[in-house]
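Read off the chains here:
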Amino acid sequence: MVAGINVADHPVYELAEKISFVTQDPEGQLINPDVLMEVAFGPENLGVPRDEIMRRAKRALESVGLQGLESRSPTELSGGQKQRLVLAAGLSMEPQLLVLDEPTSQLDPIGSAEVLDSLVHLKEKYEMTTILTTHATEEVLRIADRTIVLSKGEIVAEGSPREVFSKVKLLDSVGVQVPQMAMLGYKIAPDKPTAMTIDEGKRLVGEVLQNKQFRAKRAQVLSSTSQAGEVVLDCVDLSYTYPGPPPFEALKNINLEIHRGEMVAIIGQNGSGKTTLVKQFLKLLKPTKGQVLFKGKDIQALTTGQLAASIGLALQNPDEQLFTISCKKEVEFGLRNLKLPEEEIKSRVDEALGFVGLQEQWDTFPFRLSFGDRRSLTVAAVIAMRPEVIVMDEPTTAQDYHGRHRIARLGKRLNEKGHTVIMITHDMNLVTQYADRTIVMANGTVLLDGPTSKVFSEVETLKKAFIKPPPIATLDEELKPLGIPQGILTVDGMVNALAEAT
Amino acid sequence: MASIEYVRKDTPVHNLQAITKIVLVLASFAVSFFALDFVLLGLWILFLLVWWVIGGIDIKRLGIILKILLGTYLFFVLLQGFTYRFGNTVLFQLGTLMVGNRNYAAYTLEGFLFGTLVFMRVLAVVFTLPILTMTTPMTKLAATLGKMKVPYQFTMIFVTGVRFVPLVFQTWTGVIQAQKLRGRDIDKMPLWRKASVYTSVLTPLLLYLLKLSQTLQLALECRAFGSPAKRSYVEETRLRAGDYIALVAVIAITALLVGLKATGYSSTPHLFI
């Protein structure tokens with residue numbers, strides 16, 4: 001029963017008047033050529049009079065902060081704006097209930113913040129009942145009144161975010177990421193009330209430390225920096241302009257060296273040029289200006305097929321990258337192109353599927369897998385080819401906590417075996433935990449480039465790229481007066497640092 | 001297809017109602033059928049190009065359309081050159097192929113000109129389409145078709161069809177790129193092997209599009225598409241001064257050209273008897 005009606009007895013168009021549903025992919029939900037028409041589409045279908053539609057459209061667009069953009073094409077909007085437009089299109093139906101299925105999973109941090117701000121606004125101004133499914137627990141903490149944890153189709157925890165996120169062991173066992181402050185509290189003071197906010201974390205650390213002090217020699221940046229090996233990828237004055245119309249300069253004079261054995265994270269807003277950059281490495285796009293060198297040689301002399309043996313790239317959309325009838329055949333495809341012996345192929349397929357946890361589904365048709373598993377399969381297909389450089393573009397989107405860390409750990413393991421690993425991600429927890437070096441991109445340029453701990457200490461510059469450091473980094477910054485070592489980016493890093501205090 | 005998609009601009013043609021442009025399309029059909037003459041069709045094509053200029057449509061697209069239609073033109077002039085029944089002036093001949101009194105191996109000037117004329121008829125219609133599609137948002141077109149009592153479901157099929165075209169190209173490119181990324185050296189393959197690769201792309205392409213259509217279906221249903229309520233439209237379809245001026249111009253020129261032809265005018269009376 002929803003809003004007093006049994007959903008099984010009613011067609012979707014009737015339910016649409018009571019429940020608004022927003023899915024994770026804004027692109028697939030936008031139908032009309034401009035913003036106003038998108039918002040008006042639902043009420044038009046219900047035969048709502050024109051003046052009433054205009055009133056509703058105005059209100060819906062104001063609620064999500066898109067007023068003034070009525071005549072814009074949805075294709076011109078940012079990811080966050082598109083998702084807010086989908087939200088507005090649902091709101092114009094004046095529903096009683098808003099259901100959002102991972103609405104921020106494909107958005108950058110600023111896009112996510114925009115959508116969440118809209119939800120907070122709707123809750124405060126219109127008391128809109130909202131159900132939000134998400135893997136992003138820090139988001140839940142910020143906006144939810146009530147939290148339900150599902151595992152294998154059953155409710156395993158329910159209550160206020162504070163109550164639910166106190167159950168650290170349970171959450172960990174069902175693959176839900178515990179917010180960083182709660183995890184820190186659990187690790188340093190399990191008997192005390194769970195910390196949720198940075199202020200609470202600060203208080204808790206203060207209580208744990210009491211009069212303890214840090215020795216001066218530890219007051220240094222803790223994160224490691226990578227050793228510079230041979231340059232494997234070198235971008236020289238690299239520029240790229242999408243032809244349009246109108247033309248769009250996606251990369252502007254990029255000069256960048258990637259060394260053998262590095263584990264590099266590339267971060268930045270949607271549209272900052274991250275994917276355009278990595279596509280240049282395999283000649284999927286031809287530079288408008290400048291060049292890309294692989295081990296000193298201009299890649300223009302090679303084909304993408306030839307480069308693929310040395311540089312593996314798993315792109316964002318798994319559905320465009322899966323084209324065979326089973327997971328096994330999908331992984332085999334690249335290996336057969338490498339003309340490897342049958343035994344070697346078999347062994348690599350088993351290994352790669354095992355790495356991403358898909359060994360049991362070896363015979364499954366790839367399109368039957370979940371979105372997260374389809375992403376994992378594309379990664380498996382790339383790593384099975386064992387290229388020197390592995391590039392993963394948003395490999396962890398729509399994955400749960402365990403899935404995200406499994407992929408990132410796999411990247412780290414390959415890196416430790418000598419592969420150069422480059423990962424594009426919006427997940428700052430993964431970046432801070434696994435990447436030695438971080439490149440921040442904004443508007444087609446490299447804004448910051450250096451050891452991860454150093455990059456995340458540049459808070460003001462990060463703001464320009466709309467990147468928010470993870471809560472633990474902010475806590476570390478705020479604990480500076482206590483003499484705590486700076487540059488801590490992970491919960492374990494903070495726990496270890498506190499253990500050093502005497 | 002990309003050369004006829006809607007481009008948002010603020011021009012007098014963009015500001016016209018869709019019905020005015022639909023009348024222009026119908027007039028193009030009328031002229032191409034009832035005013036088959038070099039001068040008359042030429043004047044109509046010039047008239048259409050004035051619409052292109054006023055509508056801010058990139059004239060470079062003319063070249064794209066002509067390039068696409070080049071094969072059609074060659075087909076027309078070859079076919080008519082050898083088969084036009086009033087062809088007398090032989091330009092060259094490839095031998096003798098007599099059927100009745102006519103040598104079908106002889107290529108005639110009249111046939112060449114008639115083939116060109118038929119091609120101009122095609123151009124007259126094809127040049128009109130960008131004026132409709134590139135200056136009219138689908139919602140405006142849908143509202144107009146709704147007012148013309150065309151069932152909204154049919155309109156929606158057209159609207160979503162147009163929306164899917166760029167997605168098909170994007171997905172096609174994506175799948176080809178994915179195969180290259182797995183070491184399939186398509187760039188260096190001979191043409192016949194490339195063709196087999198392209199065939200293998202069809203399955204994932206169709207599956208992906210089916211999946212996408214499911215998402216779209218869900219999005220449509222969540223916005224009450226299919227509701228039995230009588231649909232309303234936000235788009236205004238009332239004619240304004242600009243529409244009346246354009247309609248008068250279209251109807252007057254159509255009547256003039258068709259009228260001239262009906263009264264026996266021909267710019268090449270000695271050729272087409």
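Residues numbered from 1 in each chain as written. Chains lettered and ligands numbered in written order. Predicted model: local features only at pLDDT ≥ 70, side-chain atom pairs only at ≥ 80, totals over all residues.

Focus: the sheet that holds strand 6 (residues 231–242) of chain A
Note: strands within a sheet are paired through backbone hydrogen bonds, in either parallel or antiparallel orientation. Residues and elements named next belong to chain A. The line we're drawing: By this definition, two strands are paired if DSSP reports at least two bridges between them. Each helix is a run of H or I in the DSSP string that is no shorter than four residues. Each strand is a run of E no shorter than two, and both are numbered from the N terminus.
An order of 7-6-9-10 is seen for the 4 strands of this open sheet, with the pairing classed as antiparallel. A strand with exactly one partner marks an edge of an open sheet, and here the two such strands are strand 7 (248–259) and strand 10 (297–298). Sheet analysis places strand 6 next to strand 7, joined by 8 bridges and oriented antiparallel. The residue of strand 7 that forms the bridge with Thr 241 is Glu 249.

Describing the packing of helix 15 (residues 371–383) of chain A against helix 16 (residues 401–416) of chain A
Residue and element names in this part refer to chain A. To be explicit about the condition: Note on geometry: axes are lines fitted to C-alpha atoms, helical ones only across the stretch in contact, with angles between N-to-C directions running from 0 to 180 degrees. In what follows, roughly perpendicular refers to angles from 65 to 115 degrees, roughly parallel to angles under 35, roughly antiparallel to angles over 145, and oblique to any angle outside these ranges. We call two residues in contact if the C-beta atoms placed from their backbones are at most 7 Å apart. Classification used: nonpolar for Ala, Val, Leu, Ile, Met, Phe, Trp, Tyr, Cys and Pro, charged for Asp, Glu, Lys and Arg, polar for all others including Gly.
Contact geometry of helix 15 with helix 16 gives a least axis separation of 11 Å together with a crossing angle of 10°. By the criterion of interaxial angle, the relationship of helix 15 to helix 16 is roughly parallel. Taken together, the residues of helix 16 that come into contact with helix 15 (itself represented by Gly 372, Ser 376, Val 379 and Ile 383) are Gly 403, Ile 407 and Leu 414. Tallied by class, residues from the contact of helix 15 with helix 16 come to 4 nonpolar, 3 polar and no charged.

Observations regarding unusual backbone geometry
Residue and element names in this part refer to chain A. The criterion, for reference: Remark: C-beta atoms are placed from the backbone, and a residue is labelled buried if 20 or more other C-beta atoms sit within 10 Å of its own, exposed if 12 or fewer do, or partly exposed between those counts.
Phi angles above zero are rare outside glycine, and Asp 237 is one such case at about 45°. Along the chain, Asp 237 falls in strand 6. Its 12 C-beta neighbours within 10 Å are what place Asp 237 among the exposed residues. Non-glycine residue Asn 253 carries a positive phi angle of around 50°. Here Asn 253 shows up in strand 7.

Here we look at the confidence of the model for chain A
For clarity, the cut-off: Per-residue confidence from the predictor is reported as pLDDT, a score between 0 and 100.
Chain-level statistics for chain A give a pLDDT mean of 87 and a share of 96% at 70 or above. The low-confidence segment residues 217–226 of chain A (pLDDT under 50) makes 26 contacts with residues lying over four places distant or belonging to another chain.

Describing the sheet that holds strand 12 (residues 389–393) of chain A
Residue and element names in this part refer to chain A. The mixed open sheet is built from 6 strands, whose spatial order is 11-12-13-8-14-15. Edge positions in the sheet fall to strand 11 (311–314) and strand 15 (445–451), since each of these pairs with one other strand and no more. When strand polarity is set aside, the average angle formed by the axes of neighbouring strands in this sheet is 15°. Across 4 bridges, the pairing between strand 8 (residues 263–268) and strand 13 (residues 420–424) is parallel. Bridging from a neighbouring strand, Val 264 pairs with Ile 422 of strand 13. Along the sheet, helix 15 makes contact with strand 11 and strand 12, crossing strand 11 at roughly 175°.

A word on helix 14 (residues 342–355) of chain A
Residues and elements named next belong to chain A. Put simply, the rule reads: To estimate how far a helix should extend, the number of its residues minus one is multiplied by 1.5 Å. To be clear, the arc concerns the directions from the helix axis to the C-beta atoms.
When the terminal C-alpha atoms of helix 14 are compared, their 20 Å separation across 14 residues agrees well with the 20 Å that a helix rising 1.5 Å per residue should span. Among all positions of helix 14, only Arg 348, Val 349, Ala 352, Leu 353 and Phe 355 are buried. The arc enclosing the buried residues of helix 14, seen along the axis, measures out at 150°, which places them on a common side. Where helix 14 is buried, its residues meet helix 13 (327–337), helix 15 and helix 16. Phi for Gly 357, located one or two positions after helix 14, is positive at around 75°.

Here's the deal with the interface of chain B and chain A
A common way to express how large an interface is: the accessible area buried when the components associate. Across the boundary between the two partners, chain B contributes 45 residues, which contact 50 residues of chain A. Contributions of two or more residues to the side of chain B that touches chain A are made by helix 6 (138–147), helix 7 (152–181) and helix 8 (191–221) of chain B. Among the elements that take part in the side of chain B that touches chain A, helix 8 of chain B stands out by supplying 13 residues, more than any other. Grouping the amino acids of the side of chain B that touches chain A by side-chain chemistry returns 21 nonpolar, 12 polar and 12 charged.

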